[in-house]
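Notes for the structure review
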Amino acid sequence: MNIAPNPYPRTRKRLMAAAASVAIAGAIGFGAVATGTAPVLAEAVRVEAPQVPSFADVVERVSPAVVSVRVKAKIESTADDGSDLPDAFGNLPDDPQLRRFFREFRGFGDQDGRDGMRRFGRRDRQPRPVAQGSGFFISEDGYLVTNNHVVGDGSSFTVVMDDGKELDAKLVGTDPRTDLAVLKVEGDRKFTYVDFADDSKVRVGDWVVAVGNPFGLGGTVTAGIVSARGRDIGAGPYDDFIQIDASVNRGNSGGPTFNLNGQVIGINTAIFSPSGGSVGIAFDIPASTAKQVVQDLMEDGTVQRGWLGVEIQPVTSEIAESLGLKSDKGALVSSAQDDGPGKKAGISAGDVITQVDGKDVASPKELARLIGAYQPGKPVDVTLWRDGKSETVKVDLGTLPSSDKQASADQQPSAPPKADTLADLGLTVTRSDDGKGLVVTDVDPDSDAADRGIQPGDVITSVNSMEVNGTDDVAKAMADAAKSGRKAVLMQITRDDSNRFVALPVAKS
């Protein structure tokens, strides 16, 4: 088939060009082509993202209440080994347990547990003249809260406001047991202050905002969530920390952690950090604890706590079994001090404290917090598990001594030459010099007794609340336990003038 050539090739090209122009004009608009204005393009890509919280409103309102606390230290010289150097921005705490905690976890200091002076270029081993932490106002007349370990070694105190103004402050009081302190700024002005929250409503996963002055650079804000509650970090007898993952660093000590309503849920006190900086694990003193302590300090500069006067230990599952308890909750009394209110009320070694004024006691730590929350002289009902049944005694609490009483160590009674064997328990024993109890002279390393820490020199004073004066007493107590269906017996051990209880399995016949 023959196809005739197009007789108008130029016309065809002009038509094709015109069609292309029309297509382009249609894409960008005829008006733009006709008038020479800028082309009208399609809209930019937009994504409807979910709403996320902004902390700007909270920070704007609370920041004037948060301050930097500068402390001129009393210390003028330190040991050559640097073991007691203050940290770069806050002194180590006075309390030995807290001091040990901060060194072990290095929340304040460099990798060898010291104050990080090498990191900041100081090599003369002289203490910094000024330590630094954070704090916040809790009243319009100038009372503010910080950590005891920030101000503990201080001789003078300066508060730096968020606008840079410096004001002198005086120390009102400290409480080393909870690592809290109160300062007072004098002046005729009214200060912006914040309130404590009801931390019982704080939940794991709640947003929090930490405000402070880390590194002395000025006010800093970090955000995160509550990652745990009720943390016991071994810092003291009242450990009940709130754990947060907001970035908290040295210098944040004493600063507040806020909820989204601008209320203080906790006070930044410690961090876990191998490097000295934040790794996202920080611990706050709960607002409920701080509120009570701060109120006492504001009244008279001291904190008085109730005192029961007993030594306690945890209730293990084996101990619970040996005593006929349904659960391993409570606090086992290992001894009652002679001059303590507990002994006067009839509490004795072997009792398990399960409630105080109707409040359940889950552990020794919880008992310490419950009793410490009462004022001295307060009568309380203490519920005990004793001899397989529950009973309640009324105790008029005493005043917690300012320092723990240390029992004098008597000379360990010498063992008579003749020894008896408790083969089922893996123990070799002999009667004590005073005839009260059995002295352990040897422990089979493969026995249950060895696994539970019984050592030569320990004195067995009772088994299942029955006094022990010979091996026959031990054998009888074990036989009675087996007859009643118990799988273990509770053995009271004395070591270095302190008591503890050990549950040992009943020997199988």
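Residues numbered from 1 in each chain as written. Predicted model: local features only at pLDDT ≥ 70, side-chain atom pairs only at ≥ 80, totals over all residues. Heavy atoms only, no water.

Turning next to the sheet that holds strand β11 (residues 264-271). Read around the closed barrel, 6 strands run β7-β8-β9-β12-β11-β10, paired in antiparallel fashion. Between one strand axis and the next, the sheet turns by 45° as a mean value, whatever way the strands run. Here strand β10 (residues 256-258) pairs with β11 via 3 bridges, running antiparallel. Directly across from Pro 256, in β11, lies its bridge partner Ile 267. Helix α6 (residues 287-300) contacts β11 and β12 (282-286) of the sheet and is inclined by roughly 50° relative to β12. (Pairing = 2+ DSSP bridges. Helix = DSSP H or I, 4+ residues; strand = E, 2+ residues; numbered from the N terminus. Axes fitted to C-alpha atoms, helices over the stretch in contact; angles between N-to-C directions. Contact = heavy atoms within 4.5 Å.)

What follows is about the nonpolar core. One recurring pattern in soluble globular proteins: nonpolar side chains tend to sit buried together. Phe 136, Val 145, Phe 196 and Ile 267 are the most contacted members of the largest nonpolar core, which totals 30 residues. Going through the elements one at a time, α3 (56-62), β3 (143-147), β6 (180-185), β7 (207-212), β11, β12 and α6 are the ones with two or more residues in this core. Examining the composition of this core, we find that 5 residues originate from one element, α6, more than from any other. The residues touching Phe 196, leaving out its near neighbours within four places in the chain, are Phe 136, Ile 138, Val 145, Gln 263, Val 264, Ile 267, Ala 287, Ala 290 and Lys 291. (Core = buried A, V, L, I, M, F, W, Y, C linked by side-chain atoms within 4.5 Å. Buried < 20%, exposed > 50% of the residue type's maximum accessible area, 1.4 Å probe, protein only.)

For the rest of this paragraph, the subject is the side chain of Lys 184. Along the polypeptide, Lys 184 turns up in strand β6. Reaching out from Lys 184, the side chain makes a polar contact with the backbone oxygen of Asp 141 at a distance of 2.8 Å. Setting aside its immediate chain neighbours within four residues, Lys 184 contacts Asp 141, Gly 142, Tyr 143, Asp 168, Ala 169, Lys 170 and Val 172. (Polar contact = N/O pair within 3.5 Å; in protein donor to acceptor, adjacent residues only side chain to side chain.)

This part covers the packing of aromatic side chains. Evaluation of the coordinates by the stated rule reveals 4 aromatic pairs. Measuring from ring centre to ring centre gives 6.1 Å for Phe 136 and Phe 196, while their planes differ by 80°; the resulting arrangement is edge-to-face. In this pair, Phe 136 sits in strand β2 (residues 130-137) while Phe 196 sits in the loop between β6 and β7, placing the two residues 60 residues apart along the sequence. In this pair, the class of Phe 136 matches that of Phe 196, namely buried. (Phe/Tyr/Trp six-rings, centres within 6.5 Å; stacked < 30°, edge-to-face > 60°.)

Looking at the element boundaries, Gln 263 is found in the loop between β10 and β11. As a C-alpha pair, Gln 263 and Val 194 span 69 residues in sequence and 6.4 Å in three-dimensional space.

Let us look at the confidence of the model for the chain. Taken residue by residue, the chain gives an average pLDDT of 78. The fraction at 70 or more is 75%. In this model, residues 77-91 is a region of pLDDT below 50 whose contacts with residues beyond four sequence positions or in other chains number 44 contacts. Taken together, the stretch residues 104-127 has pLDDT below 50 and engages in 73 contacts with residues farther than four places along the chain or on a different chain. (pLDDT = per-residue confidence, 0-100.)

This part takes up the environment of Glu 166. Considering the arrangement of structural elements, one finds Glu 166 in strand β5 (residues 166-175). Of the residues examined, Glu 166 reaches a relative accessible area of 48% and is grouped as partly exposed. Once the C-alpha coordinates of Glu 166 and Val 67 are considered, the two residues, 99 residues apart in sequence, prove to be 9.8 Å apart. With near-sequence residues (within four places) excluded, Glu 166 lies in contact with Arg 70, Thr 158, Val 159 and Val 160. At 3.2 Å, the side chain of Glu 166 forms a polar contact with the side chain of Arg 70.

Take unusual backbone geometry next. Among all residues except glycine, the phi angle is most often negative; among peptide bonds, the trans geometry is most common. Phi at Asp 179 takes a positive value of approximately 60°, unusual for a residue other than glycine. Relative to the elements of secondary structure, Asp 179 occurs in the loop between β5 and β6. Accessibility expressed as a relative area gives 1% for Asp 179, which makes it buried.

So, about helix α11 (residues 471-483). Here α11 is 13 residues long and its end C-alpha atoms lie 18 Å apart, about the 18 Å a rise of 1.5 Å per residue gives. When we look at burial in α11, the residues that qualify are Thr 471, Val 474, Ala 477, Met 478 and Ala 481. Seen along its axis, α11 keeps its buried residues to an arc of 125°; they face one direction. α11 presents Asp 472 and Lys 483 as exposed residues on the side facing more than 90 degrees away from its buried surface. Gly 485 sits one or two residues past α11 and shows a positive phi near 85°. (Expected span 1.5 Å × (residues − 1). Arc of directions from axis to C-beta.)

Note on placement: Val 380 falls in strand β18 (residues 379-386). C-alpha of Val 380 to C-alpha of Val 356: the two residues are 24 residues apart in sequence and 6.8 Å apart in space.

Moving on, we get to the pattern of salt bridges. A side chain with one charge can pair with a side chain of the opposite charge if their charged atoms come near. For the structure shown, the criterion picks out 15 salt bridges. A salt bridge links Asp 338 to Lys 343, with the shortest nitrogen-to-oxygen separation between them at 2.6 Å. Since its relative accessible area comes to 62%, Asp 338 is described here as exposed. One salt-bridge network, in which partners are shared between bridges, spans Lys 170, Lys 184 and Glu 186. (Salt bridge = Lys/Arg side-chain N within 4 Å of Asp/Glu carboxyl O.)

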